[in-house]
Amino acid sequence: MRKLLKIRHWVQLTFFIISSFLFYLFISNTLLIIHKFCPYSLICFGTISLKQGFYLYPLSFLIFAILTALVAWFGRFFCGFICFLGTYQEYLYKLIHRETRHFIKIDHKKEIVFGSLKYIVFLATIILSFMGLSRIFMGFCPIVAIGWIKSIGLASIIILAIITIAGALIERFWCRFLCPYAALMNIISYLGKILRIQAFYIQITKSSCLNCGLCNKACPMNIDLTKDPIIKNPNCIKCMRCIEECPTIDAINWR
Ligand code: SF4
Ligand code: SF4
Ligand code: SF4
């Protein structure tokens, strides 16, 4: 298991470096259209593509299709292993807080309420897309903000400031409460569960568990691990921090 944890850290770092290089290429105008690489551009540009009769950015569609299949099967591993923004928030939080604990504790009921905001953002991006107003969301999209930082607008500055300041106080603030792609992945994940495709869950073996609560405290997505022995919460990003923090070897593992 320790090996798997190390692999995650290296995979995360590798994708962070690759994404940073891609951002550098966009900032230096070597690459021009950032949406081509974003899986969420399917939503932002979906209706434009429908109107034109062909998909505008085939590469982003391919990335989206691969990720969708993997999310249905494996859950939100993309967030725990690949996403630049997720890793940025994780590194930022680690840099400021040495302990893997919640600096600001949000109780699990409030977490569900605040967490539903991302579905509203998701719905808003779909409505805007259908109205041909995707540009409004793009003004708030953090990926666009970083890629086009040289001509950054006020909305982008605000969103990057929120992600950084709130993310320094509440781990993965954007991921937990506002990311529309997280909402979409949760829906795909849910479908994977219904269709019985989803195969990887974190599982707690109650007979080996010390009930110390360390896994709960370590979870960056603030998931209540004491509720069910099998963690089927779609917000689980498969980061394995709960396993990393557990003082026993076999109390918490992959199912
Ligand atoms: S929730 Fe959104 S921003 Fe966070 S890691 Fe997942 S895709 Fe990236
Ligand atoms: S339950 Fe475990 S693997 Fe899932 S997000 Fe929380 S710490 Fe990470
Ligand atoms: S950290 Fe391990 S021993 Fe402690 S409550 Fe979680 S699963 Fe049980």
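Everything numeric in this text was worked out from a predicted model, so none of it was measured. (Residues numbered from 1 in each chain as written. Chains lettered and ligands numbered in written order. Predicted model: local features only at pLDDT ≥ 70, side-chain atom pairs only at ≥ 80, totals over all residues.)

## As for the overall build of the protein chain
Then, in step 1: Helix and strand content of the protein chain: 14 helices and three strands.
Then, in step 2: Taken over C-alpha atoms, the radius of gyration comes to 19 Å for the protein chain, in line with the 18 Å a tight globule of 255 residues would show.
Then, in step 3: Reported as C-alpha extents along the three principal axes, the dimensions of the protein chain are approximately 60 × 40 × 35 Å.
Then, in step 4: Out of the 255 residues in the protein chain, the part that is buried amounts to 36%.
Then, in step 5: Sequence separation of at least 24 residues holds for 70% of the intrachain contacts in the protein chain that already meet a minimum separation of 6. (Helix = DSSP H or I, 4+ residues; strand = E, 2+ residues; numbered from the N terminus. Rg over C-alpha atoms; globule rule 2.2 N^0.38 Å. Buried ≥ 20, exposed ≤ 12 C-beta atoms within 10 Å, placed from the backbone. Contact = placed C-beta atoms within 7 Å.)

## Side note on the site of ligand 2
Then, in step 1: Taken together, 14 residues sit near ligand 2, with Cys-219, Cys-236, Cys-239, Arg-241 and Cys-242 positioned nearest.
Then, in step 2: Classifying every residue of the shell around ligand 2 by side-chain character gives 12 nonpolar, no polar and two charged. (Near = placed C-beta within 6 Å. Nonpolar A, V, L, I, M, F, W, Y, C, P; charged D, E, K, R; others polar.)

## Observations concerning the sheet that holds strand S2 (residues 230-231)
Then, in step 1: Spatial ordering of the open sheet is given by S2-S1-S3, a layout of three strands whose pairing is antiparallel. Of all strands in the sheet, those with a lone pairing partner are S2 and strand S3 (252-254), marking the two edges.
Then, in step 2: As paired elements, strand S1 (residues 202-204) and S3 share three bridges and run antiparallel to each other. Bridge pairing links Gln-203 to Asn-253 in S3. (Pairing = 2+ DSSP bridges.)

## So, the environment of Phe-26
Then, in step 1: Mapped onto the secondary structure, Phe-26 falls in helix H1 (residues 2-27).
Then, in step 2: Spatially, the C-alpha atoms of Phe-26 and Lys-150 are 9.9 Å apart, while their sequence positions differ by 124 residues.
Then, in step 3: Look past the residues within four positions of Phe-26 in its chain and what remains in contact with it is Leu-31, Ile-34 and Gly-147.

## Overview of the packing of helix H3 (residues 58-74) against helix H12 (residues 180-194)
The description of two packed helices rests on the angle between their axes and on the distance between the axes.
Then, in step 1: Relative orientation of the contacting elements H3 and H12 amounts to 55°, with a least axis distance of 7 Å. Comparing the axis directions of H3 and H12 gives the class oblique. Relative to H12, the crossing made by H3 is right-handed. Of H12, the residues touching H3 (which contributes Thr-68, Val-71, Ala-72 and Trp-73) are Met-185, Ile-188, Ser-189, Leu-191 and Gly-192.
Then, in step 2: Across the contact of H3 with H12, the residue classes break down as six nonpolar, three polar and no charged. (Axes fitted to C-alpha atoms, helices over the stretch in contact; angles between N-to-C directions. Parallel < 35°, antiparallel > 145°, perpendicular 65-115°, else oblique. Left-handed = near helix turned anticlockwise from the far one by under 90°.)

## Description of helix H7 (residues 117-130)
Then, in step 1: Spanning 14 residues, H7 covers 20 Å between terminal C-alpha atoms, matching the ideal 20 Å at 1.5 Å per step.
Then, in step 2: Within the sequence span of H7, burial applies to Lys-118, Phe-122, Thr-125 and Ser-129. Looking straight down H7, one finds that the buried residues subtend no more than 60° of arc, so they occupy a single side. Among the exposed residues of H7, those pointing more than 90 degrees away from its buried face are Ile-120, Leu-123, Ile-127 and Phe-130. (Expected span 1.5 Å × (residues − 1). Arc of directions from axis to C-beta.)

## Considerations on the confidence of the model for the protein chain
Then, in step 1: The predicted model of the protein chain has a mean per-residue pLDDT of 89, with 96% of residues at 70 or higher.
Then, in step 2: Looking at the elements of the protein chain, mean pLDDT is at its lowest for helix H2 (residues 41-52), recorded as 73, and at its highest for helix H11 (residues 173-177), recorded as 97. (pLDDT = per-residue confidence, 0-100.)

## Structural notes on H12
Then, in step 1: End to end, H12 covers 21 Å across 15 residues, agreeing with the expected 21 Å (1.5 Å per residue, within 8%).
Then, in step 2: Among the residues of H12, Pro-180, Tyr-181, Ala-182, Ala-183, Leu-184, Met-185, Asn-186, Ile-188, Ser-189 and Gly-192 are the ones counted as buried.
Then, in step 3: Tucked into the core, H12 has its buried residues touching H3, helix H4 (77-81), H7 and H11.

## Re the environment of Ile-252
Then, in step 1: Examined against the element boundaries, Ile-252 turns out to sit in strand S3.
Then, in step 2: Assessed through the 24 C-beta atoms surrounding it within 10 Å, Ile-252 is described here as buried.
Then, in step 3: As a C-alpha pair, Ile-252 and Leu-67 span 185 residues in sequence and 26 Å in three-dimensional space.
Then, in step 4: Once residues within four sequence positions are removed from consideration, Ile-252 is found in contact with Ile-202, Ile-204, Cys-215, Cys-242, Ile-243 and Cys-246.

## Overview of unusual backbone geometry
Then, in step 1: Its identity as a non-glycine residue notwithstanding, Arg-172 has a phi of 50°, on the positive side.
Then, in step 2: Following the sequence through the fold, Arg-172 ends up in the loop between helix H10 (154-169) and H11.
Then, in step 3: You will see that Asn-211, though not glycine, has its phi angle at about 55°, which is positive.
Then, in step 4: Tracing the chain through its elements places Asn-211 in the loop between S1 and helix H13 (214-218).
Then, in step 5: Residue classification places Asn-211 among the exposed positions, given that 9 C-beta atoms sit within 10 Å.

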